[in-house]
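Descriptive structure summary
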Amino acid sequence: MSQVSALTPTARVAPPLFALAIFTSAALVFMVEPLIAKLILPKLGGSPAVWNTSMVFFQAALLAGYAYAHLLQRVKSLHVQVAVHMGLLVVAALALPLRVNGLLGDPPPGQPIAWLLGTLTFSIGAPFAVLSATAPLLQAWYARVRAGQPDAENPYTLYAASNLGSFVSLLAYPALIEPLMRLSTQRMMWTGGYGLFLILVAVLGWMSWQARAEAPAEPLTRSAPIPWREKAIWVLLSAAPSSLMLGVTLHLTMDVASAPFLWVIPLALYLLTFVLAFSAKPLLPAPYVLIAQAILGGLALSLTAFSLGGWPVQFALSVLTFFVTALMCHQALAARRPPADRLTEFYLLLAFGGVVGGVFNALIAPVIFHDVYEYAIVLVLVALARPWGHGRLTIAQSVCACVSLLMSVLTYGMFALMYASPDFVSVMAKLPFTPNAWSTAEFIAHILLSMAALCAFMVRDRAPVFVVTLAAIALGAQMAGGRNDWIHSERSFFGVLRVSQGDYAPYEGKYNLMQNGTTLHGAQIINPKFRCHPMTYYAPATPIGQAVMMVQKRPQEGVDIGVVGLGSGALASYRRKHDTLTYFEIDPKVLHFAENPRLFTYISNCAEGPVNVVLGDARLSLHKQPAGKFDILVVDAFSSDSVPTHLLTTEALREYLRVLKPNGVVLLHLSNRNLEITSSSIATARAVGAPVLAQLYMEPDGSYYLWAISTEAVVLARSPEALKDFAADPRWRQAPKVKTAPWTDDYTNLIGALWRHATQKQVVIPPSPPLPEDIAKPKS
């Protein structure tokens, strides 16, 4: 039984102060992540890839901080450690207050990854890395201050305090900080927090110093070196949850349901698993977590490519699977943690694993995969972290493994025949289960893959066999969910663009539909009879179509049209011989799709003249345009749920008005499934002194599919005279009074927009009365 030393006065007050300091450092780290991303927003927009790439930077900076802490711990003198760390904290403060460093200029179009990583490095790299190093350093100092006490040998419980601070800060930012504070206030608050933290670390450094003077203790016993195999296991166990966190976020955004702040949920759960795994008394025992992971992992893989139960079921299943899988890995890490003298080395390798997972998802996967495959791949491979078992499989386990593989192979083969053989499709169509062949095949696949997952569960404690069965299930599900209607798919920094093809009798043939994840970007009928009719939001009956045609009716030979957001290029069909049309598009892949005649021909066949496309962020690109250039500027960038809020601020609207001719108009297309952004847009327009009209077009009953869809929009101009023809049209109404605060580059409130939509406390715009020409049906 080891002897417990008497506590010195300094050591008695150490635990709460160390926990507070570690909590504070983690809170500052996880507040600065969304804060600096918001500062960079006007440069890159709101793509989920911006967040994933930023996470790679934060993980790399964390690795740098942990490497520095590990090296500093090799210095035997605690006096030197304290002095060096305090010095670096002061030097890093020279980068404050927080701001985006402009050394690298504007981001290049297409692949701005290097620009983003470089800008983050110059803007926040030093303070972030030094803050990240504080947690392992303070834990090591804690072990020295508490030398001779039982908790000195297990400072890992402070790791839970670190992750709790991260968790609280992460949830507080979108829920409280962003809605209640301006960006400038947030910057100064964070800078002030950094200063207070510096003082707190100075106090703890002095306490550690004083504790050594009051009761000099022998250094912690140096344990045996960690084998390289064990280090590799640490890295892999850390890499898998990191990869899954980014993978499940992208999977949900692309294939399940796009919603604001979706990234918060996986990241919050990721941090929560650290808290649970490294707490002194684990809340969820590891054996139960292993059972839950086996059930959910197989089930999630079997349904990866399906929409069974709708998006709420898919969302809940994906998030729960990620949670138990990450917890399984982190519990395995907690069980393998080394003695306290190897603490900084352990954290260094954990951080390295986080970087490995992040780099794979954010930098490698978009290059080698044309779709979001990395989520399923890692979900399969992470099963290697499960128990491997010993000896041969029992007869029951062997039978279950074989049946699981057979069910997956049958699923794969059935859909391979469906894609390759029309005769087989005809046979499937005759089966009585569902109305058509593909629905029947999907019904059968659900049964087969569910049986495969159930049988795979029986070999859950034989990791290699379990992995093989899961891989087979994933392949079968991927083949079954391959969407026979997809004709083209490409992946870029900004997401996964897909074009599907449907057949609709009223169009006398097929139509193509462009989507980025679950967000619609345009459609076109292939039949030459209707090919040049702009569909969806851009039809002549919608506010967008009305606005363009109204400006074209003015007494002038041609009009200059500007459009933010290219999509399928539908507005090109309005370009007449004497008009000009300029698109502003951030994603080069969208341009590739719109100009590909196999997919869309609005630009190549329907425009009566050349169409100019400027690549890059719209605000940066418009800033380079001469004043008074456009008769109408259509801003169509808000239908997704990664809303580029920097395009809806007072600064943005002033830029739009600057590039207008004296009688020009700006149209903001504000249709959105999850956000009520109309009231904030009206408030912002009034804040810049612009008159504003609004319209809500409701698709008439009996309209043909995608011919013209419900659209919400506002128009604004420099003066009321520029809107006289709009005001004379009964479909356009004076915008109602709103209580929402105007948005600026210094203040936006997406939580408020989400809340207004969820509670239906949104601005009320009466639907526009339909006119005879609004009948949303094609005319031969």
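Residues numbered from 1 in each chain as written. Predicted model: local features only at pLDDT ≥ 70, side-chain atom pairs only at ≥ 80, totals over all residues. Heavy atoms only, no water.

1. Notes on the overall build of the protein
Helix and strand counts for the protein stand at 24 helices and twelve strands. With 780 residues in all, the protein has 58% of them scored as buried. For the protein, the proportion of contacts with a sequence separation of at least 24, taken over those separated by at least 6, is 78%. Split by element, the accessible area of the protein, about 31100 Å² in all, is 66% carbon and sulfur. (Helix = DSSP H or I, 4+ residues; strand = E, 2+ residues; numbered from the N terminus. Buried < 20%, exposed > 50% of the residue type's maximum accessible area, 1.4 Å probe, protein only. Contact = heavy atoms within 4.5 Å. Areas by Shrake-Rupley, 256 points an atom, 1.4 Å probe, with all protein chains shown as cover.)

2. Describing unusual backbone geometry
With an omega of 0°, the peptide bond between Leu-96 and Pro-97 qualifies as cis. Take Pro-97: it is sitting in the loop between α3 (78-92) and α4 (113-145). A positive phi is found at Glu-508, a non-glycine position, where the angle reads about 55°. Along the chain, Glu-508 falls in the loop between β2 (495-504) and β3 (509-516). A positive phi angle, close to 55°, is found at Thr-536, a residue other than glycine. Here Thr-536 shows up in the loop between β4 (519-525) and α17 (543-552).

3. What to know about the pattern of salt bridges
According to the stated counting rule, one finds 15 salt bridges in the structure shown. Across the pair Lys-661 and Asp-631 runs a salt bridge, and its minimum N-O distance is 3.1 Å. Remark: Asp-631 occurs in strand β8 (residues 630-635) and Lys-661 occurs in strand β9 (residues 660-669); sequence separation between them is 30 residues. Classification of Asp-631 as buried rests on a relative accessible area of 7%. Overlapping salt bridges, with partners in common, bring together Lys-231, Arg-342 and Glu-345 in one network. (Salt bridge = Lys/Arg side-chain N within 4 Å of Asp/Glu carboxyl O.)

4. Looking at the state of the cysteines
Evaluated as defined, the whole model comprises one disulfide. With no disulfide of its own, Cys-400 lies 5.0 Å from the sulfur of Cys-455, the closest cysteine sulfur. Looking at Cys-400, the relative accessible area reads 17%, which means it is buried. (Disulfide = S-S within 2.5 Å.)

5. Things to note about the packing of aromatic side chains
Considering all chains together, one arrives at 23 aromatic pairs under this definition. Ring centres of Phe-369 and Tyr-373 lie 5.9 Å apart, and the angle between their planes is 80°; this geometry places the pair in the edge-to-face category. Exposure remark for Phe-369: the relative accessible area of 16% places this residue in the buried category. Seen in terms of ring centroids, Tyr-504 and Tyr-704 are 6.1 Å apart; in terms of plane orientation they differ by 85°. Their pairing is edge-to-face. Residue Tyr-504 is located in strand β2, and its partner Tyr-704 is located in the loop between β10 (692-697) and β11 (711-717); the two are separated by 200 residues in the primary sequence. On the basis of relative accessibility, which here comes to 24%, the residue Tyr-504 falls in the partly exposed class. Members of the aromatic cluster, each reached through a chain of ring pairs, are Tyr-66, Trp-234, Tyr-270, Phe-274, Phe-278, Phe-346 and Tyr-347. The positively charged end of Lys-231 is found above the aromatic ring belonging to Trp-228, 4.2 Å away from the centroid. (Phe/Tyr/Trp six-rings, centres within 6.5 Å; stacked < 30°, edge-to-face > 60°. Lys NZ or Arg CZ within 6 Å of the ring centre and 35° of its normal.)

6. What to know about the environment of Ala-340
When you line up the elements, Ala-340 lands in the loop between α10 (310-335) and α11 (343-368). Relative accessible area serves as the criterion here: at 8%, Ala-340 is assigned to the buried category. Sequence spacing of Ala-340 and Gln-139 is 201 residues, and the spatial spacing of their C-alpha atoms is 8.9 Å.

7. A short note on the packing of helix α13 (residues 395-420) against helix α16 (residues 463-480)
Put simply, α13 and α16 touch, their axes get as near as 8 Å, and they point 20° apart. Here α13 lies roughly parallel to α16, going by the angle between them. In this structure, the crossing between α13 and α16 has a hand that is left-handed. Across from Ala-401, Ser-404, Leu-405, Ser-408, Thr-411, Tyr-412, Phe-415, Ala-416 and Tyr-419 in α13, the residues of α16 making contact are Val-465, Val-468, Thr-469, Ala-472, Ile-473, Leu-475, Gly-476, Met-479 and Ala-480. When grouped by side-chain class, the residues that make up the contact of α13 with α16 number 13 nonpolar, five polar and no charged. (Axes fitted to C-alpha atoms, helices over the stretch in contact; angles between N-to-C directions. Parallel < 35°, antiparallel > 145°, perpendicular 65-115°, else oblique. Left-handed = near helix turned anticlockwise from the far one by under 90°. Nonpolar A, V, L, I, M, F, W, Y, C, P; charged D, E, K, R; others polar.)

8. Let's talk about the packing of helix α9 (residues 286-302) against α16
Two elements in contact, α9 and α16, have axes whose closest approach is 8 Å; the angle formed by their N-to-C orientations is 25°. Relative to α16, the element α9 is oriented roughly parallel. Together, Ala-294, Gly-298, Leu-301 and Ser-302 of α9 and Phe-466, Leu-470, Ile-473, Ala-474 and Ala-477 of α16 make up the contact between the two elements. Across the contact of α9 with α16, the residue classes tally to seven nonpolar, two polar and no charged.

9. Concerning helix α8 (residues 264-278)
Taking 1.5 Å of rise per residue, the 15 residues of α8 would be expected to cover 21 Å, and the 21 Å separating its terminal C-alpha atoms lies within 8% of that figure. When you tally the buried positions in α8, you get 13 out of 15 residues, the bulk of the element. (Expected span 1.5 Å × (residues − 1).)

10. Details of the sheet that holds β2
The strand order β1-β2-β3-β4 describes an open sheet built from four strands, whose pairing is antiparallel. Looking along the sheet, the strands with just one partner apiece sit at the ends: β1 (486-492) and β4. For this sheet the average axis-to-axis angle between neighbouring strands, irrespective of direction, equals 20°. Two elements, β3 and β4, share six bridges in a ladder whose sense is antiparallel. Paired with Asn-516 across the two strands is Thr-519, which belongs to β4. (Pairing = 2+ DSSP bridges.)

11. A short note on the side chain of Ser-573
By the element assignment, Ser-573 lies in the loop between β5 (560-564) and β6 (580-585). We classify Ser-573 as buried; its relative accessible area is 18%. A polar contact of 2.7 Å, which involves the side chain of Ser-573, links it to the backbone oxygen of Ala-570. Sequence-distant contacts of Ser-573, defined by excluding residues within four places in its chain, comprise Cys-532, Pro-534, Tyr-602 and Cys-606. (Polar contact = N/O pair within 3.5 Å; in protein donor to acceptor, adjacent residues only side chain to side chain.)

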